[in-house]
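Chain by chain, the residues:
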Amino acid sequence: MAGSRRSFLQAMLAACASSVSYSSALGQIIPSDNAFQAQLSHLYTQDGNQLRQIILLNLPPSAASGSVEVQVGKKTEVFDLSKTLKLAGQYYLPITPVEQEGTARLVLKAGGKSSETFLPVRPTRKWTVYLVHNSHQDPGFLDLPSRLRQRFIPFIDDAMRFCEETKDWPEESQFKWNIEVGYLLGDYRQARGDEKVRQVMDWIKKGRMTIGGFYCSMNTDFMSLETLHRSVYYTTERLSREFGIHLEGAILDDVNGFTWGLPEVMAKAGLRYLVMGSNGDRDNMQNGNAPTLFYLAGPDGSEILVWRSIQYVEGFDLLTFDDPYTGRNVKGVNMQEGEKSIARYFDRHERSGYPFDAIALQVASDFTPSFKQLSEVARAWNAQWAYPKLRLSTIPEFFHYIETQKKDCIPHLRGGAPDGWVDLQLGEANSVALGRQTENYLPDVERLSTLASLVAGGPGRQDAFLKAYNELLMWEEHTIEWYDIRADIYVDESLGGGKQHWAEKVGHAQYAHDAAQQIEKECAVDLCRNIQTAAPLTLAVW
């Protein structure tokens, strides 16, 4: 499975480098063999304090010195083609914005001849694209988990530096960063210390950074309800109380579904928003039935608002980057090609009847750093085009905007979305049994510890339980294999196996189980000390 998953990702990343042809839902009604063709675009420009709507023209080379007359209703405008912007072989006519549906008559005059065509026109949406930028973590997929986790630490340093460097830029292009999951900040804190973490929190309070509410990107189908609640505890309780931050959203990348209990757990923790960045391989969410944006109710009726990305690398083609799998440099979309650069992001939403004028676009990939380049792309684009507008965004920012618009148009769904990869979690029976046993064992020991604390004065052990649950969550984390899943887990990596990878993975569950055993023994000692005995030798049986 992992081989196909790797191939799928490579294919997606390779597509970023290609000159992707685009098709627009805003086409014209003339035969394709006519050399004079027109179509609506998604673009607007700003002329002083006036918006101008862009019509695209395909013209024969002989028309370059001619003119085009555009008549919409009673208004007629004439454009000198020698002074008209031309990108990727198309002329961009900046007409007065259309106020209602109708038909435009276009007359081309060139070389002493004239020809005409007609184009259905309408007001087009003034789109805003909310760019949700993060790096996807796959601990163990490309290297040992212990090594890969260190790779993400400088990404947060870079993100804070980019936030500072762009603080005086136009607001839409100021750099923003989404730390995908909570354990990344835990690793950062261990490596950099509390003072650097306080700097991260300052940027979060300024709205320039945020942390996804899950501790890790986990496969949830076999998690107990208690462990589901613990998956949001570190961020929404521990970090929020310590630093006074308020987290509202989560990212679940590279995971193709989730158990029905997750929306309820999120809602109770104050996580109202979920960006669902599926992988695309064996994905039950991509069967055409689920809308892009929807409210999802948990078993108790509480709801979260979900944005379902086509794939979490969907917007990464805005960037030029080094492919972490091959090392080759991948060229992003040429943003100087206007409509061709960006049309595909809107066409599928228009075809599906999506009612809003804003979309979220995940700009993420595996193991890739934070890119100031994304702010540069947004600033350059927005300087040329009034709409669509590119805006860097934290997770909640997009949802806040959407809920101020046609909120009543958002569909309400109820139920779970089973994970298409859930069978992989059952790959090795002994390890799965250890994980399942610990899922039940740890809450029992926590209750015993509470009893020992209340009646025998034992310690609270909150930090010990936090560590144990977080380790258990890293066992549930979605990356369960070396990128070749066929690698024998009993054979060392030097011989083509995956023994060290699996040992690190199972080590998380083993740590949690061992911690629970140790705490159970300590609690028994605490409680025994509180037993009053009359004889010198007494046996207490639990």
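Computed from a predicted structure; not experimentally measured.

Some thoughts on the overall build of the protein chain
- Each helix and strand counted, the protein chain has 14 helices and 20 strands in total.
- Here the C-alpha coordinates of the protein chain stretch approximately 120 × 50 × 40 Å along the principal axes.
- Across the 542 residues of the protein chain, 54% fall into the buried class.
- When the accessible surface of the protein chain is totalled, it reaches about 22900 Å², and 50% of it is carbon and sulfur.
- In the protein chain, which carries 55 positive and 68 negative side-chain charges, the distance between the mean positions of the two groups comes to 5 Å.

Quick look at the pattern of salt bridges
- Applying the stated criterion across every chain, the model contains 30 salt bridges.
- The shortest N-O distance in the salt bridge between Arg189 and Asp194 comes to 2.8 Å.
- It is possible to trace a salt-bridge network through shared partners that takes in Asp158, Arg161, Glu165 and Lys372.

Overview of the environment of Leu434
- Topologically, Leu434 is positioned in helix α12 (residues 429-456).
- Here Leu434 falls in the buried class, since its relative accessible area comes to 13%.
- Between the C-alpha atoms of Leu434 and Lys74, which are 360 residues apart in sequence, the distance is 76 Å.
- Not counting the four nearest positions on each side in its chain, Leu434 is found in contact with Val506, Ala509, Gln510 and His513.

Remarks on the sheet that holds strand β13 (residues 273-277)
- In spatial order, the strands read β12-β13-β15-β14-β20; together these five strands make up an open sheet with mixed pairing. The open sheet terminates on both sides in strands that have one partner only, identified here as β12 (249-253) and β20 (412-414). Between one strand axis and the next, the sheet turns by 30° as a mean value, whatever way the strands run.
- Sheet topology places strand β14 (residues 293-297) next to β20; three bridges connect them, and they run parallel. The residue bridging Tyr295 from the neighbouring strand is His412, located in β20.
- This element, helix α11 (residues 395-404), spans β12, β13, β14 and β15 (303-309) of the sheet and lies at about 115° to β13.

What to know about the packing of helix α3 (residues 153-165) against helix α4 (residues 182-192)
- Where α3 meets α4, the axes come as close as 9 Å, and the angle between the chain directions of the two elements is 90°. Between α3 and α4, the interaxial angle falls into the category roughly perpendicular. For the pair α3 and α4, the contacting residues are Ile153, Pro154, Ile156, Asp157 and Met160 in the first and Leu184, Asp187, Tyr188, Ala191 and Arg192 in the second.
- Residues belonging to the contact of α3 with α4 are distributed by class as follows: seven nonpolar, no polar and three charged.

Brief notes about the packing of helix α6 (residues 225-243) against helix α7 (residues 261-268)
- At their nearest, the axes of α6 and α7 sit 9 Å apart, and the two run at 45° to each other. Comparing the axis directions of α6 and α7 gives the class oblique. As α6 packs across α7, the resulting crossing turns out to be right-handed. Of the residues in α7, those touching α6 at Leu225, Leu228, His229 and Val232 are Gly261, Leu262, Val265 and Lys268.
- For the contact of α6 with α7, a count of residues per class yields five nonpolar, two polar and one charged.

With respect to the nonpolar core
- Ranked by internal contacts, the top residues of the largest apolar core, which has 107 residues, are Met209, Leu293 and Phe398.
- Of the residues forming this core, the biggest block, seven residues, is contributed by α3.
- Residues in contact with Phe398, not counting those within four places in the same chain, are Tyr130, Leu293, Trp307, Tyr354, Ala358, Ile359, Ala360 and Ser393.
- Counting residues in hydrophobic clusters, the runner-up holds 21 residues, among them Leu40, Tyr91, Ala104 and Ala110.

Topic: helix α9 (residues 344-351)
- Among all positions of α9, only Tyr345, Phe346, Asp347, His349 and Glu350 are buried.
- Against the buried residues of α9 lie β1 (37-47), β9 (128-133), β15, α8 (339-342) and β18 (358-363).
- At the C-terminal side of α9, Gly353 shows a positive phi close to 80°.

Some words on the packing of aromatic side chains
- Applying the stated criterion across every chain, the model contains 23 aromatic pairs.
- With a centroid separation of 6.0 Å and an interplanar angle of 80°, the aromatic rings of Trp307 and Tyr354 are classed as edge-to-face. Taken as a pair, Trp307 in strand β15 and Tyr354 in the loop between α9 and β18 lie far apart in primary sequence, 47 residues in all.
- Judged by centre distance (5.3 Å) and plane angle (65°), the ring pair of Phe398 and Phe399 falls under edge-to-face.
- You can call Phe398 buried: its relative accessible area is 1%.
- An aromatic cluster is defined as three or more aromatic residues linked by ring pairs; in this entry it consists of Trp127, Tyr130, Tyr273, Trp307, Phe346, Tyr354, Phe356, Phe398, Phe399 and Tyr401.
- Geometry around Trp169 places Arg379 over its ring, the cationic atom sitting 3.6 Å from the centre.
- The ring of Tyr511 carries Lys467 above its face, with NZ or CZ at 5.3 Å from the centroid.

Parameters at a glance
Residues numbered from 1 in each chain as written. Predicted model: local features only at pLDDT ≥ 70, side-chain atom pairs only at ≥ 80, totals over all residues. Heavy atoms only, no water. Helix = DSSP H or I, 4+ residues; strand = E, 2+ residues; numbered from the N terminus. Buried < 20%, exposed > 50% of the residue type's maximum accessible area, 1.4 Å probe, protein only. Areas by Shrake-Rupley, 256 points an atom, 1.4 Å probe, with all protein chains shown as cover. Lys, Arg positive; Asp, Glu negative; His and termini not counted. Charge placed at Lys NZ, Arg CZ, Asp CG, Glu CD. Salt bridge = Lys/Arg side-chain N within 4 Å of Asp/Glu carboxyl O. Contact = heavy atoms within 4.5 Å. Pairing = 2+ DSSP bridges. Axes fitted to C-alpha atoms, helices over the stretch in contact; angles between N-to-C directions. Parallel < 35°, antiparallel > 145°, perpendicular 65-115°, else oblique. Nonpolar A, V, L, I, M, F, W, Y, C, P; charged D, E, K, R; others polar. Left-handed = near helix turned anticlockwise from the far one by under 90°. Core = buried A, V, L, I, M, F, W, Y, C linked by side-chain atoms within 4.5 Å. Phe/Tyr/Trp six-rings, centres within 6.5 Å; stacked < 30°, edge-to-face > 60°. Lys NZ or Arg CZ within 6 Å of the ring centre and 35° of its normal.

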